[in-house]
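Here is what each chain is made of, one letter per residue.
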Amino acid sequence: MAEVLVYVDHVDGAVRKPTLELLTLARRIGEPVAVALGSGAAGTAGVLAEHGAVRVLTAEAPEFADYLVVPKVDALQAAFDAVSPAAVLVPSSAEGKEIAARLAVRIGSGIITDAVDLEAGELGPVATQSAFAASFTTKSRVSRGIPVITVKPNSAPVEPAPAAGAVETLAVSFSAQATGTKVLSRTPRESTGRPELTEAAIVVSGGRGVNGAENFGLIEALADSLGAAVGASRAAVDAGWYPHSNQVGQTGKSVSPQLYIASGISGAIQHRAGMQTSKTIVAINKDAEAPIFDLVDYGIVGDLFQVVPQLTEEVNSRKG
Amino acid sequence: MSLRIVVCVKYVPDATGDRHFADDLTLDREDVDGLLSELDEYAVEQALQIADEADDAEITVVTVGPEDAKDALRKALSMGADKAVHVEDDGLHGTDVIGTSLVLAKAVEKTGYDLVICGMASTDAAMGVLPAVLAERLGVPQVTLLSEVKVEGGTVTGRRDGDSASEQLQASLPAVVSVTDQSGEARYPSFKGIMAAKKKPVQSLDLEDLEIDADEVGLAGAWTAVDSAAQRPARTAGTIVKDEGEGGKQLAEFLAGQKFI
Ligand SMILES: Cc1cc2nc3c(=O)[nH]c(=O)nc-3n(C[C@H](O)[C@H](O)[C@H](O)COP(=O)(O)OP(=O)(O)OC[C@H]3O[C@@H](n4cnc5c(N)ncnc54)[C@H](O)[C@@H]3O)c2cc1C
Ligand SMILES: Nc1ncnc2c1ncn2[C@@H]1O[C@H](COP(=O)(O)O)[C@@H](O)[C@H]1O
């Protein structure tokens, strides 16, 4: 059976959920061979094996952390040359997409980004994507070269599928470009204890209607009652009420949770672009004409300062 | 020596219009007004600020696109760029990112550059990968997705707010940079700027000028194929309730019914 290269997104050996989803998709096409780079890489093998990786290629070198993107491209290319896979799958993070695209050019292949589903097809893997702020769904293929495809979080279930997961060290020789962009310093994002925005099953977002940083406590309380991540519209971020890393939309994060709750958000096209594929959408807005109501499964026309605390209290009391 | 800045700008259909696909499954440009991608305005703005700080700088805006894409160049010129290059060729219709990056790389090389500045992503295709690919093709450092950028003495530095950390980056020129919409509001063209833009030079280049074979670009030369495009079915109309004092409770009831609580 053909092998499929899967790029592993991990933090010091802790594999992030989108990579496990990728393994589910990779198994539809062939046998997953994982590539884990950087500090802690070997530590990823256990969990990758549990989810279907037949082999785990690892490389640890200071270059992966000290320079931007290119060392990882060099390593992925080395893995590509070693494995001769039928396809290369990479998580659709900002960095993942850059790595994948540079690899595609190097190996003379086409690239598809931000797939939301993947199936085996007669002419190679078929990727489902959403286009134009998710108003269209397309099916596409890489028609030249070995397909390189990046896949968005929440595109497939995580499934246990025990496999050998034999760890092999990958030999990487870095290109002249590898040390071109130096990472002078890195400030990790402070953990809030809440789920990662792009991976969360539930996202609770606030917009301009929240009317002040201090009021975001209401949104956070609702999120915590549901075990959800917190999102924000660009208007709320631009006003300085919530960090940019929580922005949902075209220039923020793209989320696709089971449940999305928008409070005080009008539903501009750029916001919809980042949340329209959510399974269930709920909105609270005092303006019955707000475009967000076109998307909702359930909407409350009302003042969020009344509705949100009442909802939070009700959720907490139902949980007992 | 003058600092040669090249800004890559894309002409895109208005996102607030009714965008759809043409019969050949490429972007339909007929029915929706086009404009300079809003995210590329940030790239033009940073170019203008970097040029202001430099002793001597020249800003060239480059686009690969159909005839109407001149509008995008004019807008960038009216914001203050000095000159423009328009790569236009019937053979380009349907080119994907691999092809576009090839064309842009040749155009940028022909123009001559110390610094290339791109937007973070185009507002239509929104792949956000072209700057990285361009750097790969040009063989120069990639310093992308910057929320803050500074050029000083042949070095570019900037802040990249990544998925799990914020990074401070540094590279020597020549380099390819992309900037996010956090990098600073783009200026509006002044009346004087709009008038001046009319006299600024716009050079037209075709595939032959760039020595690119027709089979490397266009729909036939594309590296990816779109097999189908379907309009997402309109979401079934949801329940909308006016809050009469029990809205939060009603919503909780709905969420419990959906097993979220
Ligand atoms: C290139 C570009 C990229 C962009 N990227 C993004 C992006 O990534 N994400 C994003 O979100 N936006 C983005 N935008 C901005 C987008 O166009 C909108 O401006 C933004 O989404 C509006 O945010 P909002 O809905 O919070 O604010 P508004 O549109 O002002 O809506 C606020 C809503 O709150 C309601 N409200 C007010 N008070 C209350 C109350 N007490 N109770 C209940 N409801 C109340 C109002 O009725 C209104 O509907 C982008 C724009 C551009 C041009
Ligand atoms: N056809 C084009 N002409 C000029 N620049 C482009 C073109 N397409 C993309 N770009 C540049 O590349 C950036 C990212 O584009 P993309 O990878 O398509 O999201 C844009 O913000 C532009 O700066």
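As shown above, the structure is provided for reference.
Thresholds, definitions, all that
Residues numbered from 1 in each chain as written. Chains lettered and ligands numbered in written order. Predicted model: local features only at pLDDT ≥ 70, side-chain atom pairs only at ≥ 80, totals over all residues. Heavy atoms only, no water. Helix = DSSP H or I, 4+ residues; strand = E, 2+ residues; numbered from the N terminus. Buried < 20%, exposed > 50% of the residue type's maximum accessible area, 1.4 Å probe, protein only. Contact = heavy atoms within 4.5 Å. Areas by Shrake-Rupley, 256 points an atom, 1.4 Å probe, with all protein chains shown as cover. Lys, Arg positive; Asp, Glu negative; His and termini not counted. Charge placed at Lys NZ, Arg CZ, Asp CG, Glu CD. Pairing = 2+ DSSP bridges. Axes fitted to C-alpha atoms, helices over the stretch in contact; angles between N-to-C directions. Near = heavy atom within 4 Å. Polar contact = N/O pair within 3.5 Å; in protein donor to acceptor, adjacent residues only side chain to side chain. Nonpolar A, V, L, I, M, F, W, Y, C, P; charged D, E, K, R; others polar. 1 Å grid on protein atoms, 1.4 Å probe; cavity = no way out; pocket = protein on both sides within 12 Å on 5 of 7 lines; lining within 4 Å. Sits in = over half its atoms within 2 Å of the grid points.

K.L.:
Any chance you could explain the overall build of chain B here in plain terms?
P.N.:
Secondary structure summary: chain B contains six helices and 13 strands in total. Considered along the principal axes of its C-alpha atoms, chain B spans approximately 70 × 40 × 40 Å. Here chain B, with 261 residues, has 51% of them falling under the buried criterion. Pairs at least 24 residues apart make up 71% of the contacts formed inside chain B by residues separated by at least 6 positions. Of the roughly 11700 Å² of accessible surface on chain B, 46% is carried by carbon and sulfur atoms. If you average the places of the 24 positive and of the 48 negative side-chain charges in chain B, the two averages end up 5 Å apart.

K.L.:
When you look at the sheet that holds strand β4 (residues 57-64) of chain B in this model, what are you seeing that I'm missing?
P.N.:
Hydrogen bonds along the backbone pair up the strands of a sheet, which may run parallel or antiparallel. Read across the open sheet, the 10 strands follow the order β13(A)-β9(B)-β8(B)-β7(B)-β10(B)-β6(B)-β1(B)-β4(B)-β5(B)-β11(B); overall the sheet is mixed. Of all the strands in the sheet, the pair left with one neighbour each is β13 (181-188) of chain A together with β11 (202-205) of chain B. On average, adjacent strands in this sheet sit at an angle of 30 degrees to one another, irrespective of strand direction. Pairing of strand β5 (residues 83-87) of chain B with β11(B), which is carried by four bridges, proceeds in the parallel orientation. Its bridge partner lying in β11(B), Ala84(B) is registered against Val202(B).

K.L.:
How do you make sense of the site of ligand 2 when you look at a structure like this?
P.N.:
Residue and element names in this part refer to chain B. Neighbouring residues of ligand 2: 19 residues in total, closest Cys8, Asp40, Val64, Ser122 and Gly128. Within the backbone of glycine 119, an N or O atom sits 3.0 Å from an oxygen atom of ligand 2. Protein chains bury 97% of the 480 Å² of accessible surface belonging to ligand 2 in isolation. Of all elements in the fold, only β4, α3 (97-111), β6 (115-119) and α4 (130-138) reach the threshold of two or more residues within the shell around ligand 2. Here the shell around ligand 2 gets three residues from one element, more than from any other, and that element is β4. For the shell around ligand 2, the residue count by class is 12 nonpolar, five polar and two charged.

K.L.:
Help me understand the site of ligand 1 in this model?
P.N.:
Taken together, 27 residues are adjacent to ligand 1, and Arg208(A), Ser233(A), Ser266(A), Gln270(A) and Asn285(A) come closest. This site is not confined to one chain, since residues near ligand 1 come from chains A and B. Lys286(A) places a main-chain nitrogen or oxygen 3.1 Å from a nitrogen atom of ligand 1. Between ligand 1 and Asp303(A), the relevant distance is 2.9 Å, taken from a nitrogen atom to a side-chain nitrogen or oxygen of the residue. Compared with its free state, where it exposes 990 Å², ligand 1 has 83% of that area covered by protein. With respect to the detected pockets, ligand 1 is housed in the second largest pocket. Of the residues contributing to the shell around ligand 1, the split by class is seven nonpolar, 14 polar and six charged.

K.L.:
How do you make sense of the sheet that holds strand β12 (residues 224-231) of chain B when you look at a structure like this?
P.N.:
The strand order across the open sheet formed by four strands is β8(A)-β9(A)-β10(A)-β12(B), and the pairing between neighbours is antiparallel. Either end of the sheet is taken by a strand with one partner, and the two such strands are β8 (117-119) of chain A together with β12 of chain B. Strand-to-strand, the axes of this sheet are offset by a mean angle of 25 degrees, without reference to chain direction. Bridge analysis of strand β9 (residues 126-131) of chain A against strand β10 (residues 136-142) of chain A gives five bridges, and the strand direction is antiparallel. Across the sheet, Ala131(A) pairs through a bridge with Phe136(A), a residue of β10(A).

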